[in-house]
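Summary of the model geometry
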Amino acid sequence: MSDSSPASASVPVPVLDVWCELQCPDCHSALDDLRALRARYGDRLELRLRHFPLEKHRHAFAAAQAAEEAAEQGKLWPYVEAVLGRVAELDRGGEAFLVEVARELGLDAEEFDTALVDGRHILIVDADQAEGKAIGVTGTPTYVVGGERLDGGKSQEGLRERIEEIVDGLLAGREG
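Conventions and cut-offs
Residues numbered from 1 in each chain as written. Predicted model: local features only at pLDDT ≥ 70, side-chain atom pairs only at ≥ 80, totals over all residues. Heavy atoms only, no water. Salt bridge = Lys/Arg side-chain N within 4 Å of Asp/Glu carboxyl O. Helix = DSSP H or I, 4+ residues; strand = E, 2+ residues; numbered from the N terminus. Buried < 20%, exposed > 50% of the residue type's maximum accessible area, 1.4 Å probe, protein only. Axes fitted to C-alpha atoms, helices over the stretch in contact; angles between N-to-C directions. Parallel < 35°, antiparallel > 145°, perpendicular 65-115°, else oblique. Left-handed = near helix turned anticlockwise from the far one by under 90°. Contact = heavy atoms within 4.5 Å. Nonpolar A, V, L, I, M, F, W, Y, C, P; charged D, E, K, R; others polar.

With that settled, consider the pattern of salt bridges. Using the criterion set out here, one finds 20 salt bridges in the structure. Residues Glu131 and Arg50 are paired through a salt bridge, measuring 2.6 Å at the closest nitrogen-oxygen approach. Here Glu131 is found in helix H8 (residues 122-134), whereas its partner Arg50 is found in strand S2 (residues 46-51), with 81 residues between them in sequence. When its relative accessible area of 36% is taken as the criterion, Glu131 is described as partly exposed. Close ionic contact of Glu89 with Arg86 constitutes a salt bridge, the shortest N to O distance being 3.0 Å. For Glu89, a relative accessible area of 30% corresponds to the partly exposed category. Through salt bridges with shared partners, a single network forms among Asp17, Arg48, Arg50, Asp128 and Glu131.

Right, dumping it as structure tokens:
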């Protein structure tokens, strides 16, 4: 069976990089926008979590590693939403809380614990952070779409609309 539009199948889907950290109250505030973008675009937009743990949040680096383990176990976004939805608990509970969230989501909690101890995801987190710094990310959330960087750390006001504007333009370019 052949696709009637082979050209569109070979054109990559637009990517929205979301530079985030899971102990960040501003990233928690951005959850509704991320849910709305996923609902609006579905598989026509790749939403990619990029880690940018901030030094002021002592559990952020472990949380980024835990998110990578959740991705490996097939539940990245449910895990990210669960942790961001309970930032105060992460502040108090640290790594034990990260493992508990994994257990609540039906993930292999022992594997989470092991991943946090053996550091198997540290290189991914470090690479994301280095790339973020290289492109000028200074806080979270920061979005990069269509080559444009949008800083959500100061205000979320109007950001979703601007992201939709850029993505709609990118999608129109793919179809045209």
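Bringing the packing of helix H6 (residues 87-104) against helix H7 (residues 109-118) into the picture now. Where H6 contacts H7, the two axes come as close as 8 Å, and the packing angle between them is 150°. Between H6 and H7, the interaxial angle falls into the category roughly antiparallel. The two elements H6 and H7 cross, and the hand of that crossing is right-handed. Of H7, the residues touching H6 (which contributes Glu95, Leu98, Val99, Ala102 and Arg103) are Ala109, Glu110, Phe112, Asp113 and Leu116. Counted by class, the contact of H6 with H7 contains six nonpolar, no polar and four charged residues.

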